[in-house]
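Coordinate analysis (summary)
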Amino acid sequence: MGLEGALIMAKSLQRLRALIYKEMLQVLRDRRTLMLFFILPLVELFLFAYAVSLTITHLPTAVVDQSLDNRSRDFINALVNSGDFDVTMTVQNQQQVMDAIDAGQVKAGVIIPPNFAEDVARGNGQVLILLDGSDSFSVESGYNAASSIAQTFSLALTAEKIQNSNLSMAASAASGVLPITTTTRVLYNPDIRDMIFILPGLIALIMQIIVVTHSAMAVVREREAGTLEQLLATPARPMERIIAKLIPGMLVAIIDMAVVMAIGVFWFQVPFEGNILVLAALSILFIISSMGLGLLISAIAKTQRQAQQLSGLIQMLAMLLTGFIYPRTTMPVWTQAVGNLIPLTYFVRIIRGVMTKGVSLSFLWTDTVTLIVYACVALIFAALVTKNRLD
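Residues numbered from 1 in each chain as written. Predicted model: local features only at pLDDT ≥ 70, side-chain atom pairs only at ≥ 80, totals over all residues. Heavy atoms only, no water.

Description of the overall build of the chain
Along the backbone of the chain there are 15 helices and four strands. Considering the chain as a whole, with its 391 residues, one finds that 41% of them fall into the buried category. In the chain, once contacts between residues fewer than 6 apart in sequence are set aside, the share between residues at least 24 apart is 79%. Split by element, the accessible area of the chain, about 21,700 Å² in all, is 64% carbon and sulfur. (Helix = DSSP H or I, 4+ residues; strand = E, 2+ residues; numbered from the N terminus. Buried < 20%, exposed > 50% of the residue type's maximum accessible area, 1.4 Å probe, protein only. Contact = heavy atoms within 4.5 Å. Areas by Shrake-Rupley, 256 points an atom, 1.4 Å probe, with all protein chains shown as cover.)

This is the structure in structure tokens:
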């Protein structure tokens, strides 16, 4: 029994080597697909990195200054000098501001009422700021910036008032100081650079798009080209065919990810705080999981069009439900459950944890185990649904 098992294993390895050699030749001969495999991630990396920003600055702003005094001009200058608002229009009333927002000419409007200087002197100055509610990032950035600028402007006026007043007034103003002083510190990203938040998840998203799409076309392309019939005539088993398709694509994906990672660290200056070997090992696991998902799509789809449609659906869900952009904690349970079916959900946490926080494997073991289980289940299921016939 031992000799017979060894012979069976030897024949299986021989078939597997032949299949891997055949798949590697197919990958190397398809120069256009191979070039696309390397060029597309770089194009997407630069486009996303330079175009996507979660903090919006230089918001086009319309101003209604009904006071036209020094205080109103100082406040407008404070908005402009912050870099968060650009005054592109000066209009006469609130309705004109709303019309400009509706037309898409501006994203924000500032309305300063008459007698602003007198109101400020009495301590009840009011400014109305309108924000375009159709753009969530503009609303959040504009709201936070306006609140911060208004607070800073008010503190400056208070300090000026104290400085120009007598001691009794200064003591009275000082008595209004809050008894608690808070200090805010941002961990891992003290300069609040969007790139540090975006790029690790962006690398993971780009790799999943490339790997899943390429893997999803693997079996379908052979079926439509007519070479699958020859492959099915061989004694190769479904799992052997799956592994043979997995290894060449995985090698190319590993090189691809190393290039993208290097560009992110050295070109975009995103600090790498963790262990490169830990991330490399977990990246291989993520690539295998993504290829397993792609091969599953390839085994289910009948045509390349169907494979492309299923891959596109997966990528859309990946962008929305995996935590790449939107936090998963605020999502309903059912959307979180859908996101749990996508390997990117787990690798986003892994790559951000290793790159940005420098955490070790002990903090990532749940996501790691999940990816291992995911990879095994996806590959086994892909082998089960891969039939030894063309229909």
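Moving on from the coordinates now.
Quick notes on the sheet that holds strand β2 (residues 85-90)
Sheet strands line up and pair through hydrogen bonds in the backbone, either parallel or antiparallel. Taking strand neighbours across the sheet as the criterion, the four strands line up as β2-β1-β3-β4 in an open arrangement whose pairing is mixed. Pairing within the sheet leaves two strands with one partner each, and these edge strands are β2 and β4 (128-131). Going across the sheet, the axis of each strand differs from the next one's by a mean of 30 degrees, ignoring polarity. In terms of strand pairing, strand β1 (residues 59-65) meets β2 through five bridges, oriented parallel. If you follow V63 over to β2, its bridge partner there is T90. Strands β1, β2 and β3 (108-112) of the sheet are contacted by helix α3 (residues 70-81), whose axis makes an angle of about 160 degrees with β3. (Pairing = 2+ DSSP bridges. Axes fitted to C-alpha atoms, helices over the stretch in contact; angles between N-to-C directions.)

A look at the packing of aromatic side chains
For the structure on display, the rule yields two aromatic pairs. Ring geometry for F286 and F347: centres 4.3 Å apart, planes at 5 degrees, overall stacked. Residue F286 is located in helix α11 (residues 276-300), and its partner F347 is located in helix α14 (residues 344-357); the two are separated by 61 residues in the primary sequence. Of the two residues examined, F286 and F347, each falls in the buried class. (Phe/Tyr/Trp six-rings, centres within 6.5 Å; stacked < 30°, edge-to-face > 60°.)

Brief notes about the environment of I196
Along the chain, I196 turns up in helix α8 (residues 194-225). Separated by 159 residues in the primary sequence, I196 and M355 have C-alpha atoms spaced 9.0 Å apart. Contact partners of I196, with chain neighbours within four places excluded, come to Y188, N189, V270, P271 and T356.

Thoughts on the nonpolar core
Among the nonpolar cores identified, the biggest contains 50 residues, and L45, M257, L344, F347 and I351 are the most heavily contacted of them. Within the residue set of this core, elements represented by two or more residues are α8, α10 (238-267), α11, α14 and α15 (365-385). Counting residues per element, this core draws most heavily on α8, which supplies 13 residues. Ignoring sequence-local partners within four residues, the contact set of L344 consists of A204, L205, Q208, F286, A318 and T322. (Core = buried A, V, L, I, M, F, W, Y, C linked by side-chain atoms within 4.5 Å.)

Thoughts on α14
Spanning 14 residues, α14 covers 18 Å between terminal C-alpha atoms, matching the ideal 20 Å at 1.5 Å per step. By the criterion of burial, α14 is predominantly enclosed, with 12 of the 14 residues buried. Burial in α14 covers these residues: L344, T345, Y346, F347, V348, I350, I351, R352, G353, V354, M355 and T356. Among the residues trailing α14, G358 stands out with phi positive, at a value near 70 degrees. (Expected span 1.5 Å × (residues − 1).)

Everything listed here is a matter of coordinates, which is why it stays silent on function.
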